[in-house]
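Below are the chains, spelled out letter by letter.
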Amino acid sequence: VSRREQSPADEQRPLARFEVREESGVRTVRVHGEIDASNVAELRSATTKLSNEALGVVLDLDHAEYIDSATVRILFELRQRLARRGQILQVVSQRGSTVHRVLELTGFLDDGMPWPASVAEAAAAIHSRLAPDSARSA
Amino acid sequence: MSASEVAADLAELDGPTDRSTAAAPVDDVQSSTSILLVDDHEENLLALEAVLEPLGQRLVCARSGEEALRKLLHDEFAVILLDVRMPGMGGFETARYINARERTRHTPIIFLTGHNVDTEYVFQGYEAGAVDYVLKPFEPAVMRSKVLVFVKLYQERMQRIREAEARAQAEAVVTTVRKLQSLSDAALAHLQLDELLPELLARSAALFDAETAGLLLTDEDGTRLVLRATYGLEALEEGCTVSVGEGFIGGAFRAPAAVALPHVAADSALHASLSAVGVRSLLAAPLAVGDSRLGVLYLGSRQSDHFSAEDAELMSLGAERAARALDHARSYERERGLVEMLQRSLLPERLPELGALELAARYLPSGSAAKVGGDWYDATLLPDQRVCLAIGDVVGHGVRAATAMAELRNALRAYLLEGHAAAQAVSRLDDLVKSIHGEGMAATLAVVTLDPSTGSARLTNAGHVPALVISAGGDADYVEHRSRTPLGVGSYTDEFPELEFTLPPGSTLVMFTDGLIERRGESLDEGLERLRQAVGEGPSDLEDLCTHILTELIGDRPAGDDVALLAVRRRPSSSGNPLLLRLPAETGSVPVARHAIGKLLYEHGATADETHALELAVSEAAANAVEHAYDPGDHEFEVAAEVRTDGVYVTVRDSGRWRSPRGRARGLGLGLIKQVMDEVDVQRTDNGTTLRMVKRMTDSPAATRE
């Protein structure tokens, strides 16, 4: 059983860092670190103000260490908002990770959402407006 | 050798000549050696008597083989002169019988025969056990000298036997002396009075084969004797008394020596009680050292007249030794009791209760009264929640060392409470010792300040033995640290150096004084290694570990020096309240609470999944608590967590009012908590909301630390 490494220096760092990138109509937001009630607003602002022409958002949680219900609440809202505008949200997370588990536990994954295995796959899915079936078992 | 010389030789011998009566008292034995003369001719016997008379030995005559054998039944002979030709049982046949008997097998036989005998006869004679052959008629001088050889041989043999007996007797005396010494052996000198008395009684009873024994000591004003210890038959209650001079036992107190009482009379309550359990005879001795009389030692037997006059003499000697042991124990106890009391009064009565730390300590006074005092330890909680652990040894012993130790302890506490770091405080103590005591005093001291929540520790050492850290897994290693000279000795201008180290959860810091590891003829390193080995095999419970250390390193032998031992363990588990946070009701507190519980779980060796579940639950609960507060910042909420053997218990309490979840996603937080925790309970009152939750762990992290 693996033990988590932790250092006191964690306290000094900002909880999370967001890398935002836009490429051919798809905004990719890569999250490093932890998101909770204290910094969830940063996630919200990183995912808003998307132009009408944009196809959708890829939220890359592969490098996120922690998310909680506050995060998931934003994801529900974001998905709804994007859907109203005909845009797509794709969330990338490592199966078996704690982040993935929270998404499962909150029912966010049960909403019939396609599940990409990587950012590239997620972007491709947005472009084709199709969910890649093979990714589910990846 | 002339006859007179032989007689002179013989005069020196007065031991038993007859082995069949060897058990008889020494003064009963015959004073000469016997010679058996066997011949069927009376004139031959007379001739032999005439020839051998000058030897001065007892001559016994037998006129036939049969008569010779009869004589041999009752007497023992140095030599047998045996005529070969006799009617009836001949000489050879008689000799064969003599040789066949165990007792006479080695009795030398000289055959007497006619000089015209053929060699066949001679060989037959030797075969029959002859040692010599004398031809008739014999030359008197030759005959005498031949016989004398055997007489001398016999006497020498008897002498050897007597010596062996004397040796056996001497050995018996030595055994008795040894038993007597058992009443004054060195081991008794180290027994406390309570242990000494029964031991003396048991040994005395064994010495005199007595069935019961008792020891009475005088009371304060010396008028009554109080029964302090008994052995064997339960006749008397300890504590019962008899007046000095009353009855046999009361009278023995003033007697000059031990006295035996062959028949017990019920002339005192004490005697009546003894009599009631069947004690028939008594032996009692005064216990005295010089002019002072301490009490009476008595022995009792169920047999009348069990104790002889010799027993009484021996008992007097024994009582003298017992009295000395007793006197020693008493004065020793007084002196030692005084310093020990002082010393103990200066040590912390109980160690502070610290949730995250477990503390145990031992103080073992020196087995030698002159060496008690000077070792000390202390554990105090500092205002910044750190704990100060100190252990020291004031050079010297007795009252002076004990008071010096009190000074040091109080000064150290004062400096630390003023806010000085340990190294600063020790430097100041060094100055203090020099200014107050000048050259006259030295003391070693090791001080550790420890943050119970992080395990961060700082060590300052002034000439003290190193501290030992035992990991949660049981590996023991000394904290390597450059130590300075003891307080009051060096001349430094800078502060004492500090060593920083971390005490991980579940690990134990053991501090001690040199009395624990010092042994005569052994280097310090050997002692340190012995301790390291002992703790490696020690039990996990901290109190048990302290006991184990003392048992392994000191055992039953009296400690040569004082021993102080202080053990501190950062709790890995169960009891205590390892996490208690009061946080402002704002979202910034959410990660603080989460990280705190994560750290706690990590320290307990929880798995990543368990840690995540607790982080999630606490984080959600904290977020709820923050949300409940109407005016952020004005309120606080509380997070308490405890890792027990069966799981992790968390309580999150706020003072706000519960708001019903709104909208679709509102119940997400509590939903998550319920999914990752095994038990969740929410209580809402006007004063606030309390959320209690438990994460069960079948394989408790506290129990499965590697």
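Note that this is a predicted model, so its numbers are computed, not measured.

### Re the sheet that holds strand 9 (residues 259–261) of chain B
All names here are of chain B. Read from one edge to the other, the open sheet built from 6 strands follows the order 8-7-6-11-10-9, with strand pairing classed as antiparallel. Single-partner strands in this sheet number two, and they are strand 8 (241–243) and strand 9. Each neighbouring strand pair of the sheet contributes to a mean axis angle of 25°, computed without reference to strand direction. As defined by bridge partners, strand 6 (residues 212–218) adjoins strand 11 (residues 292–301) across 6 bridges and the pair is classed as antiparallel. For Gly-214, the partnering residue across the bridge sits in strand 11 and is Tyr-298. Docked against the sheet, helix 7 (residues 193–208) engages strand 6, strand 7 (224–232), strand 10 (281–289) and strand 11, running at close to 65° with respect to strand 7.

### Overview of the sheet that holds strand 26 (residues 688–696) of chain B
Residues and elements named next belong to chain B. Taken in spatial order, the 5 strands make up an open sheet running 22-23-24-26-25, and their pairing is antiparallel. The open sheet is flanked by strand 22 (579–584) and strand 25 (679–685), the only strands paired with a single partner. Put simply, the sheet's adjacent strands are angled 10° from each other on average, direction ignored. Where strand 25 and strand 26 come together, 7 bridges link them in antiparallel fashion. Within the sheet, the bridge partner assigned to Arg-684 lies in strand 26 and is Thr-689. Against the sheet, helix 15 (residues 589–603) makes contact with strand 22, strand 23 (636–644) and strand 24 (647–654), and its axis sits at roughly 170° relative to strand 22, the strand it touches most.

### Description of the side chain of Lys-695 of chain B
All names here are of chain B. Examined against the element boundaries, Lys-695 turns out to sit in strand 26. It turns out Lys-695 is buried and unbridged, and the closest side chain with the opposite charge, Asp-678, is 4.6 Å from it. For Lys-695, the side chain forms a polar contact with the main-chain oxygen of Val-676, separated by 3.0 Å. Other than its neighbours up to four places away in sequence, Lys-695 contacts Ala-613, Leu-614, Asp-646, Gly-647, Val-648, Val-676, Met-677 and Asp-678.

### Side note on unusual backbone geometry
Even without being a glycine, Ser-24 of chain A presents a positive backbone phi close to 40°. Position of Ser-24 of chain A relative to the elements: it lies in the loop between strand 1 (16–23) and strand 2 (26–34). Look at Ser-24 of chain A and you get exposed, because its relative accessible area is 55%. The phi dihedral of Asp-209 of chain B is positive, around 55°, even though this residue is not glycine. Residue placement: Asp-209 of chain B occurs in the loop between helix 7 and strand 6. On the basis of relative accessibility, which here comes to 56%, the residue Asp-209 of chain B falls in the exposed class.

### Structural notes on the nonpolar core
Counting residues in each nonpolar core, the largest one holds 68 residues, and the members touching the most others are Leu-103 of chain A together with Met-693 of chain B. Of the residues forming this core, the biggest block, 10 residues, is contributed by helix 16 (residues 608–628) of chain B. With residues near it in sequence (within four places) discarded, Leu-103 of chain A still touches Leu-61, Ile-67, Val-72, Leu-75, Val-91, Ser-93, Phe-108, Leu-109 and Trp-115 of chain A. Counting 30 residues, the second largest nonpolar core, distinct from the first, contains Leu-217, Ala-258, Leu-287 and Leu-326 of chain B.

### Here's the deal with helix 17 (residues 668–676) of chain B
Along helix 17 of chain B, the residues that are buried comprise Leu-668, Gly-669, Leu-670, Leu-672, Ile-673 and Val-676 of chain B. Contacts from the buried residues of helix 17 of chain B go to helix 2 (69–84) and helix 3 (98–105) of chain A together with helix 16, strand 25 and strand 26 of chain B.

### Focus on the environment of Glu-615 of chain B
Mapping Glu-615 of chain B onto the fold places it in helix 16. A C-alpha to C-alpha distance of 5.0 Å links Glu-615 of chain B and Arg-594 of chain B, two positions 21 residues apart in sequence.

### Details of the confidence of the model for chain A
Of all residues in chain A, 81% attain a pLDDT of 70 or more, and the chain-wide mean is 81. In this model residues 130–138 of chain A is a low-confidence stretch, pLDDT under 50, and it forms 16 contacts with partners more than four residues away in sequence or in other chains.

### Points about the packing of aromatic side chains
According to the stated counting rule, one finds 2 aromatic pairs over all chains in the structure shown. On the basis of an interplanar angle of 75° and a centroid distance of 5.2 Å, the ring pair of Phe-76 of chain A and Phe-108 of chain A is categorised as edge-to-face. Of the two residues, Phe-76 of chain A is situated in helix 2 and Phe-108 of chain A in the loop between helix 3 and helix 4 (119–128); the sequence distance between them amounts to 32 residues. Of the two residues, Phe-76 of chain A and Phe-108 of chain A, both sit in the buried class. For the ring pair Phe-92 of chain B and Phe-111 of chain B, a centre distance of 5.1 Å and an interplane angle of 70° mean the geometry is edge-to-face. In this pair, Phe-92 of chain B sits in helix 4 (residues 91–100) while Phe-111 of chain B sits in strand 4 (residues 109–114), placing the two residues 19 residues apart along the sequence. Accessibility expressed as a relative area gives 0% for Phe-111 of chain B, which makes it buried. Above the ring of Tyr-66 of chain A, the side-chain terminus of Arg-594 of chain B is found at 3.9 Å from the ring centroid.

### Some remarks on the packing of helix 1 (residues 40–47) of chain A against helix 2 of chain A
Residues and elements named next belong to chain A. The contact between helix 1 and helix 2 brings their axes to 9 Å, and the two run at 20°. Considering their axes alone, helix 1 and helix 2 lie roughly parallel with respect to each other. Handedness of the crossing formed by helix 1 with helix 2: right-handed. Facing helix 1, whose interface residues are Val-40, Leu-43, Arg-44 and Thr-47, helix 2 presents Ala-70, Thr-71, Ile-74, Glu-77, Leu-78 and Arg-81. When grouped by side-chain class, the residues that make up the contact of helix 1 with helix 2 number 5 nonpolar, 2 polar and 3 charged.

What counts, and where the lines are drawn
- Residues numbered from 1 in each chain as written.
- Chains lettered and ligands numbered in written order.
- Predicted model: local features only at pLDDT ≥ 70, side-chain atom pairs only at ≥ 80, totals over all residues.
- Heavy atoms only, no water.
- Pairing = 2+ DSSP bridges.
- Helix = DSSP H or I, 4+ residues; strand = E, 2+ residues; numbered from the N terminus.
- Axes fitted to C-alpha atoms, helices over the stretch in contact; angles between N-to-C directions.
- Contact = heavy atoms within 4.5 Å.
- Buried < 20%, exposed > 50% of the residue type's maximum accessible area, 1.4 Å probe, protein only.
- Lys, Arg positive; Asp, Glu negative; His and termini not counted.
- Salt bridge = Lys/Arg side-chain N within 4 Å of Asp/Glu carboxyl O.
- Polar contact = N/O pair within 3.5 Å; in protein donor to acceptor, adjacent residues only side chain to side chain.
- Core = buried A, V, L, I, M, F, W, Y, C linked by side-chain atoms within 4.5 Å.
- pLDDT = per-residue confidence, 0-100.
- Phe/Tyr/Trp six-rings, centres within 6.5 Å; stacked < 30°, edge-to-face > 60°.
- Lys NZ or Arg CZ within 6 Å of the ring centre and 35° of its normal.
- Parallel < 35°, antiparallel > 145°, perpendicular 65-115°, else oblique.
- Left-handed = near helix turned anticlockwise from the far one by under 90°.
- Nonpolar A, V, L, I, M, F, W, Y, C, P; charged D, E, K, R; others polar.

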